Amino acid sequence: MELEQIWTYPVKSMIGQRVRSADITTTGLVGDRRWAVRDEVRGGIRGAKKFAALMRAEAIELDGRIRITLPDGAEFDADDPSAAEQLTRFLGSPVSLLPLPDATDLDHFRRGAPDSDDIMVELRSIFGREEDEPLPDLSIFPPEIIEFEAPPGTHHDAFPLMIMTTSALRSLAAALPDSAPDVRRFRPSILIDSDDLPGHPEFEWVGRRMRIGSVEVAIGAACPRCVMVTREISDGLPADRSILRHIVRDLDQNLGVYATVITPGAIEEGDSVTLLD
């Protein structure tokens, strides 16, 4: 196998960018999720689970700046004094745009108020589950996310890396001929060219170590999917709930796998990928 694609998302929940190479630390890809939107009504960092339109905005690193582009073509830098005003107008709710602070700034990472006082209603909304569908096993997530929107020191939902394979994308396309299971819907950090392996081979890697170039990672758990995979990204990638129905019904709610970093280093497209145990 080899490394097919590397993706970074400079602003949490916005469309990211494919990069040819990247450095990886124990907290993930350098440059990934360096900014995030804060809900100024309910408090807390918010992604596209709450503000669906975020997935229609794009953020890229350009000459050391984070450039944001909205669907209407408006462009501005993340540190522009007008960024909060423009995003508030775009999302239809008061927000601010904040850079990633030090892990000791616990108030930044602490969860805001839920949209519903009913925890089951709140969870079903976040995960996009219908009444007759199960919720994922929440015990796979780090315990700190009960209190915090992200593990302090990061803007990740739970883990520093999410890995998918070309086999998984091919299998989705075969199972959903009327959908567009574009890689951008699923927001992997790393896409591995798994050659002609069938199905979703990454599920069999859980509990194993993997070397990608000079980096070593541990595959920790399959990735339970939420409402974000159903969101509209562009006119060519409209909202599509059938993708999540397939994942819940036929893939035990999971797509791709989470990973943690054992040995930091550099990766580049074309690097060999090897399972170590």
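Note that the structure is predicted; figures quoted are calculated from it, not measured. (Residues numbered from 1 in each chain as written. Predicted model: local features only at pLDDT ≥ 70, side-chain atom pairs only at ≥ 80, totals over all residues. Heavy atoms only, no water.)

Asker: Got a minute to help me understand the packing of aromatic side chains in this structure?
Answerer: Centre distance and the angle of the planes are the two values used to describe a pair of aromatic rings. With the rule as written, the count across this model stands at three aromatic pairs. Centroid distance W7 to Y9: 6.5 Å. Interplanar angle 15°. Geometry classified as stacked. Neither W7 nor Y9 differs from the other in exposure class; each is buried. Each ring, one from F141 and one from Y258, has its centre 6.4 Å from the other, and the planes form 65°; the classification is edge-to-face. Pair noted here: F141 is in the loop between α3 (119-127) and β11 (161-165) and Y258 is in strand β15 (residues 254-263), with a separation of 117 residues, a long-range link. An aromatic cluster is built from F141, F159 and Y258, whose rings are joined through pairwise contacts. The ring of Y9 has R187 lying over it, and the distance from NZ or CZ to the ring centre is 4.3 Å. (Phe/Tyr/Trp six-rings, centres within 6.5 Å; stacked < 30°, edge-to-face > 60°. Buried < 20%, exposed > 50% of the residue type's maximum accessible area, 1.4 Å probe, protein only. Helix = DSSP H or I, 4+ residues; strand = E, 2+ residues; numbered from the N terminus. Lys NZ or Arg CZ within 6 Å of the ring centre and 35° of its normal.)

Asker: Where do I start with the side chain of E149 in this structure?
Answerer: On the secondary structure map, E149 appears in the loop between α3 and β11. Classification of E149 as buried rests on a relative accessible area of 17%. In this structure the side chain of E149 is engaged in a polar contact, spanning 3.1 Å, whose partner is the side chain of R111. (Polar contact = N/O pair within 3.5 Å; in protein donor to acceptor, adjacent residues only side chain to side chain.)

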